[in-house]
Number of protein chains: 6
Amino acid sequence: MNNLQPPEWSWRDASGDFVHQWVKPLSEGSVDMVLYGAPLSRSSISVSGASLYPMEFRKMWKGFSTYNFDEDLDLSSYAVRDAGDVVMHTTDILLSHERIEETTRELVSTYNDATTCLIGGDHSVTACAVRGVKRAFPDERIGILQLDTHLDVRDPAELGPANGTPIRQLIDGGIVRGEDVVNIGLHGYFNSAPLVAYAKEHGIRMVTLRKARELGVAHCVEQQVEELVKRVDRVYVTIDMDVLDIAVAPGVPASTPGGMTAEELFMSLVRIGQHHAVRHIDFVCLDPSRDAATNATVKIGVYAWLEFITGRVLAQRRK
Amino acid sequence: MNNLQPPEWSWRDASGDFVHQWVKPLSEGSVDMVLYGAPLSRSSISVSGASLYPMEFRKMWKGFSTYNFDEDLDLSSYAVRDAGDVVMHTTDILLSHERIEETTRELVSTYNDATTCLIGGDHSVTACAVRGVKRAFPDERIGILQLDTHLDVRDPAELGPANGTPIRQLIDGGIVRGEDVVNIGLHGYFNSAPLVAYAKEHGIRMVTLRKARELGVAHCVEQQVEELVKRVDRVYVTIDMDVLDIAVAPGVPASTPGGMTAEELFMSLVRIGQHHAVRHIDFVCLDPSRDAATNATVKIGVYAWLEFITGRVLAQRRK
Amino acid sequence: MNNLQPPEWSWRDASGDFVHQWVKPLSEGSVDMVLYGAPLSRSSISVSGASLYPMEFRKMWKGFSTYNFDEDLDLSSYAVRDAGDVVMHTTDILLSHERIEETTRELVSTYNDATTCLIGGDHSVTACAVRGVKRAFPDERIGILQLDTHLDVRDPAELGPANGTPIRQLIDGGIVRGEDVVNIGLHGYFNSAPLVAYAKEHGIRMVTLRKARELGVAHCVEQQVEELVKRVDRVYVTIDMDVLDIAVAPGVPASTPGGMTAEELFMSLVRIGQHHAVRHIDFVCLDPSRDAATNATVKIGVYAWLEFITGRVLAQRRK
Amino acid sequence: MNNLQPPEWSWRDASGDFVHQWVKPLSEGSVDMVLYGAPLSRSSISVSGASLYPMEFRKMWKGFSTYNFDEDLDLSSYAVRDAGDVVMHTTDILLSHERIEETTRELVSTYNDATTCLIGGDHSVTACAVRGVKRAFPDERIGILQLDTHLDVRDPAELGPANGTPIRQLIDGGIVRGEDVVNIGLHGYFNSAPLVAYAKEHGIRMVTLRKARELGVAHCVEQQVEELVKRVDRVYVTIDMDVLDIAVAPGVPASTPGGMTAEELFMSLVRIGQHHAVRHIDFVCLDPSRDAATNATVKIGVYAWLEFITGRVLAQRRK
Amino acid sequence: MNNLQPPEWSWRDASGDFVHQWVKPLSEGSVDMVLYGAPLSRSSISVSGASLYPMEFRKMWKGFSTYNFDEDLDLSSYAVRDAGDVVMHTTDILLSHERIEETTRELVSTYNDATTCLIGGDHSVTACAVRGVKRAFPDERIGILQLDTHLDVRDPAELGPANGTPIRQLIDGGIVRGEDVVNIGLHGYFNSAPLVAYAKEHGIRMVTLRKARELGVAHCVEQQVEELVKRVDRVYVTIDMDVLDIAVAPGVPASTPGGMTAEELFMSLVRIGQHHAVRHIDFVCLDPSRDAATNATVKIGVYAWLEFITGRVLAQRRK
Amino acid sequence: MNNLQPPEWSWRDASGDFVHQWVKPLSEGSVDMVLYGAPLSRSSISVSGASLYPMEFRKMWKGFSTYNFDEDLDLSSYAVRDAGDVVMHTTDILLSHERIEETTRELVSTYNDATTCLIGGDHSVTACAVRGVKRAFPDERIGILQLDTHLDVRDPAELGPANGTPIRQLIDGGIVRGEDVVNIGLHGYFNSAPLVAYAKEHGIRMVTLRKARELGVAHCVEQQVEELVKRVDRVYVTIDMDVLDIAVAPGVPASTPGGMTAEELFMSLVRIGQHHAVRHIDFVCLDPSRDAATNATVKIGVYAWLEFITGRVLAQRRK
Ligand SMILES: [Ca+2]
Ligand SMILES: [Ca+2]
Ligand SMILES: [Ca+2]
Ligand SMILES: [Ca+2]
Ligand SMILES: [Ca+2]
Ligand SMILES: [Ca+2]
Ligand SMILES: [Ca+2]
Ligand SMILES: [Ca+2]
Ligand SMILES: [Ca+2]
Ligand SMILES: [Ca+2]
Ligand SMILES: [Ca+2]
Ligand SMILES: [Ca+2]
C-alpha cells in the first residue's frame, strides 16, 4: 500500500474515553473498520475544499467520547484503525484517482472481514473506490446506497471524472447496474431533466426526501437496503453530505434548502450500520473551509460516522 | 408601463434546463406568469436591504433547474415572463409607491389571464400592489392570504406607509375587508397588544403557527384558502419571508425563533399555487445583504417561488 | 443584599407594550418573579463569554412585546422585578461563587412567594444557587430538572467548581439526592463512560432526547416534572442552553448536533412554568459573543424565558 | 427644541474617568460642545444603516477614557452636553430633513459660544445642518471643510435630497459658495467626470489624498483651513467616514481602497479642532451594522471625535 | 480563437461614465487593451477559488468611474475590449493550460499593437501565457516583472504545472532567462531555502519589500523596469495579488503579514503602465470567495487594473 | 519541571525547511531558545481566549519556512526547543500563576545560556514569569521592555492578579523598579488618568507611538533598550499584541485604532533580538478564537517571534 501516508500529526494521548484516544493506526492489532482518507477536491465542478476534510475530521475526534447515550453503548470495543490518507498528486487528477482505486483494492482485499470507511474528498472518489472493490471481488454484484441531493450521472465524456459523474462512470463502465443504485434524499430543483431521464432509463431507484418522510427517513432507508440486499452481494454506502439541509450543513458547498435534518441522517446511519451486507462506506463533499464558526458541519460529519459504527456494534452484539 | 426598466444585466444563454434559461423578458410570447420587482426598502421601519432582492433573486436562478424532483415535473412549459423592476425614486417614497400601484394596475389589466408575481422590496409594496389590483378590478372582492410573523396593522398616521402598515392601509382604505385577510404563521411575542386588538376588531382571521401545525401547516393553509375563496373573488397571496424561523432565514432582518421551517413554507406554496382563485403573489422582506455566506435565504426564496409555480403547473395539468 | 448591583444602564421608557418597559427594578411594587444575573464564566472549562449574557439578555427585551400570540395572553400583569447582577470578582472565582450562593439565599428568603430566575453565567452558578436555596429552606427536599446535553458530574476534586461539575457538587455535598435530579435532552457522544457510571450509581434520572421525542418533548418534560414533584418539596429548573441543537444555538459554545429544536424547548417551558412546585429557574451557558449576526441565540434565550413566564401566568389564571 | 428626544437608555454611572461618565445631558451646566444625533439613512442612495450610528457611538464611550496619552491631556474639563437625537419620521424624509435644519438653527443660536457636533446619519444631514446654521447667522459667510472620497454634488433634481447631493444643494441654494468648499481626501475612480466638471465650474477646492500626503495630511488640512478662514466667517467641518480606507473602515458602506489611514484622520482632527473659526462639525455615513466583529469602525469614530475635542482643549489652553 | 467564450451575462447599459459602460466586447472597434480571463484554480497547491475572479472582476466594474481623480484624467478614450474567458476543462488541467497558451498566442499575434491583460485564475496561468507570447514572438527576449511574495520556482517534476511553479517552468523550459526575471515584494519566511538557492543560481533578480521601501516602492519598481528593459525586447508583468498584506487583501489565500499596501501597488502600477516595453500584464490568485464582506480585495483588484491603464493613458498623452 | 506537559499532538515530520520541522522538543540536544506556553486567560478582565494561543501558535508553524528573505538568513542553525505548556488549573488562578512562576524559575536556572520565550495566555502571566526570573537571579536588576497600548498598572488589591495589573504587581512587589520599565506604543484614550498618575509617580518610562514614529519605531525601540541596558542586568521583553492596530490584529480583544503596524513591530523585534542583555521574551493577549478568517493575527504572532529570532541569529553571527 505504497500510496498511503500517515496524517501529518498524531495525538499524543493514547488512552482515555474519547474518540481520538480510541482510534489507532492501522498497524496496531485486530481490525473492525479500516479508515482512510482521499483528500482530493480539485476534481469538483465548483470550487471545493473537501480535500481538507480528512484532517479536520481527525482533529474533531477530541470533542467526542466513545459512549453513545442514545443506545447506552460504548463503542470502544470496536477496533477502528486509521490507514492514513491516499497520497494525492497536485495536478494529475487521473493519477490521484488511480491511487484511490488501487489503495481501495488493496485494503478491501487485505482486510476482507473489516468494514472500510473512506473519508473524502469530493464525490469523484466514490467511483474510484467502487472500482477498487470490484477489482478485489470481480464476481460479486455490488449495490450502492447513495444519500445525495444529486444523481451524479453527469457525463464524464464532457467533464472528465468530476464529482458530478461517479454513478454514471460506474453504470457506463459496467461496474454497477443502474437497478442496483438506490438514491434517497433527492428533492427540489437540483437535477436537470436530462439527468433524470438517464437515471430512469438505467433503472436507478430514486426516493425523494418527501416520500421517505412519509414512512420515516430511517425506516425508509432500512427498507431500501433490505430490498437492495436481495439483489446484490455487497453494499457500498456513499453519503454525500449535501443531502443535508443548507441550514444544518453550511460547510457543504452544494447543500440546499429542503434537505435532510442531521437527526434523519443520524438515525438512518444507525440502521444502515446494522446490515451485514453493507461492507463499505464513504462520506464526501464536506468542505471544512466553508463551515460555520461553530464547526457545526464537521461535528455532524464525525457524529454521523459514529452513528454508523453504533449500528455495527449493535449488530455485533446481536450475534 | 413607463415605470418599468429591465434588469441591469441579462443572461447570455437563452436555452437549457435551468431557470435562468427558462425565464424570458416580458415582450416574448405567451404569458403564464408576469414577474416584476419593486426594489424598495427605505420604507422599512428598521434598516433593510430588501431593495437588493429582485436582483439577487434573478442571479440565483442559475443554481436551479426547471425539473422538480418531488413531483417528477418539468416546469419549462409554464411561461414566466420578467417585466423588470419598477423604477424607484431615491428619496420620494410616496412616488415610488404610486409607481408600484400604477404598474400593478397596468400589468394585471393587460395580463388578466396570467398570474402576477411581485418580488419586493419590503412589505410596504403589498399595499400598493393590492390597491393596483383593486383599481383594475374595482368590482371584485379581494382576499389576502398572508404568511407573516406580524400583523402589519401599525398606524400609517404615525409612520406613513411603512412596512409595518400595509394590512391596515388596505382595511382602513376600504380596499380589503378585515375578515378577508387570513394571516398564518403568527407566533411568540412579536406583535403588541394594541395591534392584536385592532386585528380582532376588524375580524382578521389569525392562525398561529402552533395551531397550523396541529393540522399540518400545508394542509391548514389549504383549508384557509378554501374558506377564503368562498367569500372573495380573487386572492392575493403575500409571503413575508420573516415568517420563516431565524435559523433558516438569517437574511430576513425581522425573522424570529419559533418560525416556519423552509419545508413547511414549500409545501404550503405547492398547495397555494393550485388554487385558481389565487391570482397574485408577492415575496417580501428578504435582505440579501444580511444573508449567510451560503446564500441560504436567497436560495429559499427562489425555491419557494418555484414551489408556487409547481402548484400552478399541477393545476394546469388537472384541467 | 450587598452583592447586587444594578445594570450599568437603564431604559429611559417606563411604559408601553414591550418587555423592556414592563420589567421594573426590584425596589418597585409587588413581585411575581425576581430576576438576577450572575455574569461569571471564567469558571468554564472551555473559553466562554457567558458572563456577557445578563447584559445582552436585557438589551434584547426591546424586541419583544408582552403579548403572547400562541396563548392570546398578555404577560403584563405578571410582576417581573430585576434585582440586577451579583457583583463578580475579577480573579477570585470562589468568592464570586459565594456571593451567588449568599445572594440567592437572601432573595429566596425575602421573596418567598416569588419565583426566582437566575441568568448565567456558566453552569457553575447553578451549584451556588441551589446551595443558597437549600440554606434558605434547609428542611425541604429539592429536586432538579435539568435540560442539558451533559450530565455535569465531572469531579470538582480535579477541576474545582467548574461548569462541568455542578450536579456532582450538589450530590456529593448532600444538597440534592441523585434520584431527585432529572436530566432531559442527553444525546450522542458528549458524555464519557465514567461520568455515566457515576450518574447511574447515584440514580440520576436520565432521559435521552430521542426517548423524549417518542412522547413529545414537552409532554415528556411535563411527565417527568410530575414524577419528580411527588418526591420533592420544591423544584429548581436549570436550562443549559447547550441542550439546543448547534444549528439553532450557534451562540452556545458547547452546543452540538442532534440537540433540541427551539420549539421543543419553548413548549417544554410553557409546561414547566405551570407547575406550582417549580420555584426557581436558571438559564446558563449562552455566550452572546459567539452568537450569529442575527443574534438568534440571545433571541431564543429571551423567548424561552417568556415561555416560562407564560406558563406561570396560565397557572395563575387557573387559580 | 421640540424635535429632540433623549437616547433610549442612559448610563447609570455619572462619575469616573471614562467618556460615558464625562458626557452629560444638555440640561446640565455650562456647555463647550453640544452633541446631537440625526439617525437618518433612508435618504442614502445605497442601503445604509448609518441611522444606527448615534446610538452605537454612545455605547462605545465606555471603552474610552478622557485622558489622551499623545498629548498628556485630560479632556474632562471640557463640557460636552448631549442634546439627544432629532426625532426622525419613518417615511417622510423631507420632514426629517426639516427637523434637522430647525434643530440645528435652534441649537447654534442658543449655544452660540459652544461648538456643535452632529452625529449622522448619512451625508444628506449636512445640507440640513448647514442651512440651519445659515438661518441662525444669515449674514455670515460659511466655509465647509469636507473630508470625503466623494464630491457630493449629484443633482437633487434627479435624486431628491439624497446623501450624494449635499454640497450641490448648498451651492445651488446659495447657502455656501463653491469656492468656500474644501474637499480633502479625494482619490481613485469614485467620482464621475460630469460631477468633477460641476465642481471645477463652481470653484470647489479639491485636494487629492496623494497630494495631501506630499505635505503630510494633517499639515495639509491645517493649511487648507487657514486659507479658508481668510475668506469666511465660520467653518463647518464635515467628516464623511468613507474618506477612510476600506481596510480600516469596513463599517462604512462607501469606503474604498486608497483611502485615508485612521492615524491621518486622527492627526488632522487634532489640528482642525484648534482653529477658532471652526464652529461646527459632523461625522456621517458610518454604518455600525456593517462593522467588523471588533467594532473597529465605531471605535475609530469615537476616537476621531475625541481627537477633535483634544484640539479644542489645546486651543483653550493656549488662550 | 475557438477557446474563448463570452461572460455568462452582459451589462444592459452601454453608455455612461462608469467602467462597465466603457469596456466593450472584443468585436467592437479599435483596441488599446485586450482583456481575457482564465478561470482556472484547480491547479493551485492549496484550495483556491481564484477561478471565480474573472466574473467578479467584471461585476465590480459598476462601482468605478472612468475618471481618475489623482491624475485628473478620464480613461474613456482608451479602448479596452473584453475577449471573454478561455474555456476551461473541468478535470483536464493540462488541456486548460494549452488553451490558455494557444489563446494568448492568437491574441498577442492578432492584436500586436494592443496591450494584453489576462485575469486569472491562479499563477499557473502565467507560464501558459508567457509561452503563448513566446510562440508569437519567438525571436524576442521576454522579461518578466513579478510582484509576488513567492518565487514560484517549485519543481513541476514534483507538482506538475501547479501555481507554485510558473517561473521555474519558464526558466527550465528556455522561454525566459533567470536574469530576465525581476521579483519585487519578497519578504518574511514564505520561501524555503532550496527555492532561494535555485533563484540565486539562475540569476533571478530579487528585491525585498523592505529594500524597495528604502527608495519608495513605486520608484524602485520603475528603476527595475528600466534596468530590465535594457536587456529584453518586451516585458510581461505578472501581479500575484498575494504580494499585498493580509490585512488589506483578505481575499487572497496566500497573502501574508508584512506585504505591500494597496497604495504601494497602485502607485507602482501607474509607473509600470507608462513603460512602452511593457506589453502584457496579468493579475492572479485573487479568490473572491474568501473576500471580506466589503469585497475589499476585488475592489483593490479593479483599482489596480485601472491604475495600470492610467499609466498607459499618461504614456499615450506624452506621445 | 513537574508542571510542564507536551502539546496534545506532535508533527509527524521531523526534517525539512519549515518551522514545524525545525523546532524540537526540549529533551533533544543543545538549546538556544526554550519555548514554553502558559495557556491561561480566565485571569483576563474581559472575556479572552488567549489560552488557546500556544496551541494555535504551534499549528501555524507549518506555514513558515526557516529562511528569512529580508536578511537572506536561514534560522535553522538556531536551536529552538519546545518545553510544552505549563499545566493550568481549571478554576484556581493563583495555583496556575504559581506554576508559571515556578516553571520559569526552573527553566531560566537550568537553561541559563538560552533565551526563554513564553507564549501566553493573557498579560497576567508576565508578572509570574518575571517573578520566576527574579527568584532565579535574585541579585540581578531586571528591566522590562513593554510594547503595549496599556500601562497594566491597575490595582491587584481590587482585581486580584488580573491581566491589567502585572506591571503594578512587579513594582509594588519590589521585583522591578518603575524606572526600569519602558513602555512603547501607548496612544489614544485607553489608560485612565489615575493609572497614568501612578506610572509617572513610579518613574515608568512611557513613549507614545506618535513620539516613537518621529524617530522611526524600530530605531526608537533600539535606543530605549540601549538606555535601559545601562541601568539593568537583564532585560525581559513583553509584547502585548494589543499594541498592534485593530485593523491588523483583529484577533486581540483589546486592540485599538491608532496602534502599531505589523511592520513596525517586526522591525522592532529584529532590533530587540540583537541585544545581548535581552534574555527573556513573551508574547501575550492574542486570542485565536477572535481572529479573522485568514488567521491574520496568529500569522503575525509567528512572524513576530521569528523576527526576534532573526535578531538573535544576527547577533550570534556578529560574534
Ligand atoms: Ca454527489
Ligand atoms: Ca450532491
Ligand atoms: Ca410583514
Ligand atoms: Ca413580518
Ligand atoms: Ca451543563
Ligand atoms: Ca451542557
Ligand atoms: Ca459624502
Ligand atoms: Ca463619501
Ligand atoms: Ca505568491
Ligand atoms: Ca505566485
Ligand atoms: Ca497588557
Ligand atoms: Ca494591553
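Residues numbered from 1 in each chain as written. Chains lettered and ligands numbered in written order. Predicted model: local features only at pLDDT ≥ 70, side-chain atom pairs only at ≥ 80, totals over all residues. Heavy atoms only, no water.

Chain A is annotated in an unreviewed UniProt entry as Agmatinase family protein from Paenisporosarcina macmurdoensis. Listed in UniProt under the heading Sequence similarities (unreviewed entry), the comment for chain A reads: "Belongs to the arginase family." (UniProt positions renumbered as here; feature names shortened; annotations may be inferred.)

1. Observations regarding the overall build of chain A
Helices and strands together make up the secondary structure of chain A, namely 11 helices and 13 strands. Relative to the compact-globule value of 20 Å for 319 residues, chain A shows a C-alpha radius of gyration of 18 Å, a close match. Across its three principal directions, the C-alpha atoms of chain A cover 55 × 45 × 45 Å. Partitioning the intrachain contacts of chain A with sequence separation of at least 6 by distance along the chain shows that 80% fall at a separation of at least 24. For chain A, the accessible area works out to roughly 10,000 Å², and carbon and sulfur atoms hold 47% of it. (Helix = DSSP H or I, 4+ residues; strand = E, 2+ residues; numbered from the N terminus. Rg over C-alpha atoms; globule rule 2.2 N^0.38 Å. Contact = heavy atoms within 4.5 Å. Areas by Shrake-Rupley, 256 points an atom, 1.4 Å probe, with all protein chains shown as cover.)

2. Quick notes on the packing of aromatic side chains
As enumerated under the stated definition, the model contains 75 aromatic pairs over all chains in all. Here Tyr-303 of chain D and Phe-190 of chain F contribute two aromatic rings whose centre-to-centre distance is 5.7 Å and whose plane-to-plane angle is 55°, an arrangement assigned as tilted. Pair noted here: Tyr-303 of chain D is in helix 11 (residues 296–318) and Phe-190 of chain F is in the loop between strand 10 (181–186) and helix 7 (193–201), and the two residues belong to different chains. Pair check on accessibility: Tyr-303 of chain D and Phe-190 of chain F agree, each one buried. (Phe/Tyr/Trp six-rings, centres within 6.5 Å; stacked < 30°, edge-to-face > 60°. Buried < 20%, exposed > 50% of the residue type's maximum accessible area, 1.4 Å probe, protein only.)

3. A word on the relation of the copies chain C and chain A
Least-squares fitting of chain C to chain A yields an RMSD of 0.0 Å, with the superposition described by an axial translation of 0.0 Å and a rotation of 120°. A rotation of that kind, with that shift, is consistent with a three-fold axis. Taking C-alpha positions as reference, the residue of chain C nearest the rotation axis is Ala-247 of chain C, located at 4.0 Å. When the interface residues of chain C are mapped onto chain A, a mere 5% of them again fall at the interface, so the copies present different faces. (Least-squares fit on C-alpha atoms with pLDDT ≥ 70 in both.)

4. Looking at the interface of chain C and chain D
Opposite the nine residues of chain C that make contact, chain D presents nine residues. Between chain C and chain D, roughly 960 Å² of surface is buried when both sides are summed, and carbon and sulfur atoms account for 49% of that area. For the pair chain C and chain D, the number of links is two salt bridges. A salt bridge links Glu-8 of chain D to Lys-62 of chain C; its shortest N-O distance comes to 2.6 Å. The interface formed by chain C and chain D holds seven residue pairs in polar contact (both at pLDDT 80 or more) in total. In terms of strand pairing, strand 2 (residues 9–11) of chain C meets strand 2 (residues 9–11) of chain D through three bridges, oriented antiparallel. Across the sheet, Trp-11 of chain C pairs through a bridge with Trp-9 of chain D, a residue of strand 2 of chain D. (Buried area = accessible area lost by both parts, 1.4 Å probe. Salt bridge = Lys/Arg side-chain N within 4 Å of Asp/Glu carboxyl O. Polar contact = N/O pair within 3.5 Å; in protein donor to acceptor, adjacent residues only side chain to side chain. Pairing = 2+ DSSP bridges.)

5. Describing the interface of chain C and chain A
With 22 residues of chain C at the contact, the number on the chain A side is 26 residues. When chain C packs against chain A, close to 2,100 Å² is buried across both sides, 63% of that on carbon and sulfur atoms. In terms of surface lost to chain A, no three residues of chain C exceed Tyr-189, Arg-210 and Pro-257 of chain C, which account for 40% of the buried area on that side. Where chain C touches chain A, the interface holds four salt bridges.

6. Regarding the coordination of the calcium ion (ligand 4)
Residue and element names in this part refer to chain B. The coordination sphere of the calcium ion (ligand 4), as far as protein atoms go, consists of Asp-148 (OD), His-150 (ND1), Asp-240 (OD), Asp-242 (OD) and Asp-242 (OD), spread over 2.1 to 2.6 Å. Read N to C, the donor residues that coordinate the calcium ion (ligand 4) are spaced as D-x1-H-x89-D-x1-D. Separating the calcium ion (ligand 4) from the calcium ion (ligand 3) is a gap of 3.1 Å, which Asp-148 spans by donating to each of them. In this pair, His-150 sits in the loop between strand 9 (142–147) and helix 5 (156–159) while Asp-240 sits in strand 12 (residues 234–240), placing the two residues 90 residues apart along the sequence. The class for Asp-240 is buried, based on a relative accessible area of 2%. (Donors = N, O, S within 2.8 Å, 3.2 Å for Na, K, Ca; no water.)

7. Examining the pattern of salt bridges
According to the stated counting rule, one finds 137 salt bridges over all chains in the structure shown. Note that Glu-56 of chain C and Lys-59 of chain C form a salt bridge whose closest N and O atoms lie 3.2 Å from each other. Here Glu-56 of chain C pairs with Lys-59 of chain C, and both are found in helix 2 (residues 53–60), just three residues apart, close to one helical turn. Taking the relative accessible area as the measure of exposure, Glu-56 of chain C reaches 27% and is therefore partly exposed. Note on Lys-59 of chain C: relative accessible area 27%, which makes it partly exposed. Notably, a salt bridge pairs Glu-307 of chain D with Arg-210 of chain F, separated by 2.6 Å at the nearest N-O pair.

8. Concerning the packing of helix 3 (residues 93–110) of chain F against helix 4 (residues 124–136) of chain F
All names here are of chain F. The contact between helix 3 and helix 4 brings their axes to 7 Å, and the two run at 40°. Regarding the angle of helix 3 to helix 4, the classification is oblique. The hand of the helix 3/helix 4 crossing is right-handed. When helix 3 is examined against helix 4, the residues His-97, Ile-100, Glu-101, Glu-102, Thr-104, Arg-105, Val-108 and Ser-109 are found in contact with a partner set consisting of Ser-124, Val-125, Cys-128, Ala-129, Arg-131, Gly-132, Val-133, Arg-135 and Ala-136. Of the residues that constitute the contact of helix 3 with helix 4, the class distribution is seven nonpolar, five polar and five charged. (Axes fitted to C-alpha atoms, helices over the stretch in contact; angles between N-to-C directions. Parallel < 35°, antiparallel > 145°, perpendicular 65-115°, else oblique. Left-handed = near helix turned anticlockwise from the far one by under 90°. Nonpolar A, V, L, I, M, F, W, Y, C, P; charged D, E, K, R; others polar.)

9. With respect to the nonpolar core
Of all hydrophobic cores here, the largest spans 220 residues; its most connected members are Trp-305 of chain C together with Trp-305 of chain D. Residues within four places of Trp-305 of chain C in sequence aside, it is in contact with Val-19, Trp-22, Val-23, Met-33, Leu-35, Phe-57, Trp-61, Val-80, Cys-117 and Phe-283 of chain C. (Core = buried A, V, L, I, M, F, W, Y, C linked by side-chain atoms within 4.5 Å.)

10. Notes on the coordination of the calcium ion (ligand 11)
Geometry reference: four tetrahedral donors at a metal, ideal angle 109.5 degrees. Six octahedral donors, ideal angles 90 or 180 degrees. Residues and elements named next belong to chain F. Around the calcium ion (ligand 11), the protein contributes the donor atoms His-123 (ND1), Asp-148 (OD), Asp-152 (OD), Asp-152 (OD) and Asp-240 (OD), which lie 2.1 to 2.9 Å from the metal centre. Here the calcium ion (ligand 11) and the calcium ion (ligand 12) are spaced 3.1 Å apart, and both take Asp-148 as a donor. Highlighted residues: His-123 in the loop between strand 8 (115–120) and helix 4 and Asp-148 in the loop between strand 9 (142–147) and helix 5 (156–159), separated in sequence by 25 residues. Both residues of the pair, His-123 and Asp-148, count as buried.

11. Considering the pairing of strand 8 of chain F
Residue and element names in this part refer to chain F. Here strand 8 lies mainly inside the structure; six of its six residues are buried. Because side chains alternate across strand 8, one face comprises the buried residues Thr-115, Cys-117 and Ile-119, and the other comprises Thr-116, Leu-118 and Gly-120, equally buried. Sheet analysis places strand 4 (residues 33–38) next to strand 8, joined by six bridges and oriented parallel. Across the sheet, Ala-38 pairs through a bridge with Gly-120, a residue of strand 8. Summarising the sheet, strand 8 and strand 13 (residues 278–284) pair through four bridges and their orientation is parallel. Note that in strand 13 the partner of Ile-119 across the bridge is Phe-283.

12. Details of unusual backbone geometry
Across the junction of Gly-120 of chain B and Gly-121 of chain B, the peptide omega takes the value 15°, indicating a cis bond. Among the structural elements, Gly-121 of chain B can be located in the loop between strand 8 (115–120) and helix 4 (124–136). In this structure, Asp-152 of chain E takes a positive phi of about 60° despite not being glycine. Summarising the element assignment, Asp-152 of chain E is placed in the loop between strand 9 (142–147) and helix 5 (156–159).

13. Quick notes on the arrangement of the chains
If you take every C-alpha in chain A and every C-alpha in chain D, the smallest gap between them is 13 Å, and the two do not touch. In this assembly chain C lies apart from chain E, the nearest approach of their C-alpha atoms being 13 Å.

14. Describing the relation of the copies chain C and chain D
For the pair chain C and chain D, the best superposition has an RMSD of 0.0 Å and corresponds to a rotation of 180° with a translation of 0.0 Å parallel to the axis. Such a combination of turn and shift is consistent with a two-fold rotation axis. No C-alpha of chain C lies nearer the rotation axis than that of Ser-10 of chain C, which sits 2.8 Å from it. The residues that chain C uses at the interface reappear at the interface of chain D in 100% of cases, marking a shared surface.

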